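Letter by letter, the chains look like this.
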2 protein chains.
Amino acid sequence: MIKTALTRLFDLRYPIVLAPMGGVTGGALAAAVSNAGGLGLVGGGYGDPDWLRTELALVRQTTSAPWGAGVITWAVGPEIIRQILAQEPHAVMLSFGDPRPYGEMIKAAGCKLICQVQDLAGALLAREAGADLIIAQGTEAGGHGSQRSTLALVPAVVDAVAPVPVLAAGGIADGRGLAAALMLGAQGVLIGTRFVASDEALGSPLAKERIVRSTGDQTARTTVFDIVRGLSWPEPHTGRALRNQFMARWHGNEPGLVDALAAQSLAFKQAQQSGDFDTAMVWAGEGVDLIQSVEPAGDIVRRIGDEAESRLSVASALVS
Amino acid sequence: MIKTALTRLFDLRYPIVLAPMGGVTGGALAAAVSNAGGLGLVGGGYGDPDWLRTELALVRQTTSAPWGAGVITWAVGPEIIRQILAQEPHAVMLSFGDPRPYGEMIKAAGCKLICQVQDLAGALLAREAGADLIIAQGTEAGGHGSQRSTLALVPAVVDAVAPVPVLAAGGIADGRGLAAALMLGAQGVLIGTRFVASDEALGSPLAKERIVRSTGDQTARTTVFDIVRGLSWPEPHTGRALRNQFMARWHGNEPGLVDALAAQSLAFKQAQQSGDFDTAMVWAGEGVDLIQSVEPAGDIVRRIGDEAESRLSVASALVS
């Protein structure tokens, strides 16, 4: 077993946290990861109270292991945080925005505060908010993120916020990535895209298949999927998705998309409903090269954890 | 000692290669790295025959250990490759462009062919060129590069070109990065920016000081420094530099820079000559957070190598 500050904090078998991906990480996926010995976080996203009610009830029914939930900080208000805390999660994760207004509320509930950051400035805010864990998320991550890359960001954040434990996120999809993250000084990893291609993930099987078939060369960061959905993401956040026809048409011509928004928005909603992923987005990180099939989430947790244990166990053999 | 395919190929003490940075990696720096047990590569850049003559003579005089040289593939012709090969380097490194026209010439001279790539497609071309080593360079690297990030790119390239050995480049500036790269399946690392801040590096002490003072949050990829110098870099290559006044003014307004090119180009040349780095660029990767002082290159090689050995030696202790 790999022992780190993360595994000790939640008594986990593996130093692996499931990314709380809005619309993808429901209660079933979060519970599957927690039951396998990781930490599952329900994807509260922009904070839909009805969706959260259903999925939080599901995760509570399906696991007795530690679990949590995450939200997009700038998009939610205190009532959503209170709704989550009422379900007695072991952790709440805040991403994309200033976590300080919620730090005290979350910790007062006896819940661990996890903050995801994309740069050094964000890491210092997270420490000020009282974060129990800080996730350094690199630009290679799928979905929303920013500009810095995991390999250089993680050790910089580790140095900047010590002794607060740091996790690595972005571009990690196998045991090699987990072992590398631990060498960088991280206490574990947050993994998203690899779990999108799991049986328990919400979302279209067609989207999961695109992730399996694609290479990391085919992903890009863009704002066009936020613009067309009418979402006002604050700079410098963008979303990494598989390149498709919609991105090819509008990425680089964002003003044109704004001008055509009424018609494009309608067509986009229809594409989302019908599962037309030439138009609708498939969020995906650069780690897609390492994803070969859709599998049960528990198998993914165990394989990544066991591969990392093997790598670390033989690492000293590289040194003679 | 860390033993990898890289150290065996050149009989190195450390699995560390010095990036051949044009205008920075002269013969003195390359020799210092080789003398310390890494592999020093003179930075041939765009291929200036007079500069190369001087610096190749210097590296030959200053080390009896293996050394090499690198060039920008799209910018040089066969005569520059021949000029380098005539000095009997142990390795020639080709970056940014199709290496296939030169593979046979380099290998026929008894010299190892190193190809640096920025994506999977490039890795397959490098293998076709007969590369003895393939460097997977992430976007976090300083100077020219592309879009994919090191942590996800390296294992993908390792899988795609096996059994050709792969090195990691981009964002590596300490022993943590080297140890992480080895966990990803790399056989060593290529390091640039960390060696810019060395005593032996060519270039202005003011530029070195900016690297020491800056954080990774302060770097960005841009084309404005190529546009103002009249260099036609092929897409999708950009250069990562410290943000400065010139970048703030023109990045995002590249057409405006093209319109003002005559005057801007003159002012830029003067800034380069006078060491005005509010205008002239300082190429730098995201690893600048990890650089605290200007030091002898040999000390940098030994510290990074020894730190990585320590990390790898205790890695198995993480697993109980």
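Calculation notes
Residues numbered from 1 in each chain as written. Chains lettered and ligands numbered in written order. Predicted model: local features only at pLDDT ≥ 70, side-chain atom pairs only at ≥ 80, totals over all residues. Heavy atoms only, no water. Least-squares fit on C-alpha atoms with pLDDT ≥ 70 in both. Contact = heavy atoms within 4.5 Å. Core = buried A, V, L, I, M, F, W, Y, C linked by side-chain atoms within 4.5 Å. Buried < 20%, exposed > 50% of the residue type's maximum accessible area, 1.4 Å probe, protein only. Buried area = accessible area lost by both parts, 1.4 Å probe. Salt bridge = Lys/Arg side-chain N within 4 Å of Asp/Glu carboxyl O. Pairing = 2+ DSSP bridges. Helix = DSSP H or I, 4+ residues; strand = E, 2+ residues; numbered from the N terminus. Axes fitted to C-alpha atoms, helices over the stretch in contact; angles between N-to-C directions. Domains from an automatic or database assignment. Nonpolar A, V, L, I, M, F, W, Y, C, P; charged D, E, K, R; others polar.

A. View of the relation of the copies chain B and chain A. Under the fitted operation, chain B is carried onto chain A by 0.0 Å of movement along the axis and a turn of 180 degrees, and the coordinates agree to an RMSD of 0.0 Å. What the rotation and shift describe, once combined, is the action of a two-fold rotation axis. Distance from the rotation axis, computed per C-alpha, reaches its smallest value in chain B at Ala180(B): 2.0 Å. Most of the interface of chain B is mirrored in chain A: 100% of its interface residues are interface residues there too.

B. Representation of the nonpolar core in the model. Membership of the largest hydrophobic core comes to 200 residues, with the highest contact counts inside it found for Phe195(A) and Phe195(B). Once residues lying within four places of it in the same chain are set aside, the contact partners of Phe195(A) are Ile16(A), Leu18(A), Met21(A), Leu29(A), Val33(A), Ala201(A), Ala297(A), Ile300(A) and Val301(A). In this structure, Ala220(B), Val224(B), Phe225(B) and Met247(B) belong to the second largest nonpolar core, which totals 12 residues.

C. Structural view of the interface of chain B and chain A. Taken together, the contact between chain B and chain A spans 46 residues of the former and 46 residues of the latter. A buried area of about 3,800 Å², summed over both sides, lies between chain B and chain A, and 56% of it is on carbon and sulfur atoms. For the chain B face of the interface with chain A, the top three residues by lost area are Leu151(B), Met183(B) and Leu318(B), together amounting to 19%. For the pair chain B and chain A, the number of links is 8 salt bridges.

D. Representation of the sheet that holds strand 2 (residues 40–45) of chain B within the structure. Residue and element names in this part refer to chain B. In space, the 8 strands of this open sheet follow the order 1-9-8-6-5-4-3-2, with parallel pairing throughout. At either margin of the open sheet sits one strand with a lone partner, and together these are strand 1 (16–18) and strand 2. In this sheet, neighbouring strand axes are inclined to one another by 25 degrees on average, regardless of whether the strands run parallel or antiparallel. Pairing between strand 1 and strand 9 (residues 189–191): 3 bridges, direction parallel. In the strand pairing of strand 9, Ile16 is matched with Val189. Contacts from helix 3 (residues 49–62) reach strand 2 and strand 3 (67–72) within the one sheet, and its direction differs from that of strand 2 by about 175 degrees.

E. Fine view of the environment of Gln116(B). All names here are of chain B. Within the secondary structure, Gln116 is located in strand 5 (residues 112–117). A relative accessible area of 7% means that Gln116 is categorised as buried. Gln116 sits 39 residues away from Gly77 along the chain, and the two C-alpha atoms are 18 Å apart. Look past the residues within four positions of Gln116 in its chain and what remains in contact with it is Met93, Leu94, Ser95, Phe96, Ile135, Gln137, Ala169 and Leu190.

F. Summary view of the domain arrangement of chain A. Residues and elements named next belong to chain A. Taken domain by domain, chain A consists of domain 1 (5–202 + 292–316) and domain 2 (205–274). Its C-alpha centre places domain 1 at a distance of 24 Å from the equivalent point of domain 2. Counting residues at the interface gives 24 residues for domain 1, matched by 16 residues for domain 2. When domain 1 packs against domain 2, the two sides together hide about 1,600 Å² of surface, and 59% of this comes from carbon and sulfur. Together, Tyr46, Trp74 and His144 form the three largest contributors to the area buried by domain 1 at its contact with domain 2, with a combined 32%. Viewed at the interface, domain 2 and domain 1 are joined by 0 salt bridges. Contributing elements (two or more residues each) for the side of domain 1 that touches domain 2: strand 7 (143–145) and helix 9 (193–196). Examining the composition of the side of domain 1 that touches domain 2, we find that 3 residues originate from one element, strand 7, more than from any other. Among the residues forming the side of domain 1 that touches domain 2, the class breakdown is 10 nonpolar, 12 polar and 2 charged.

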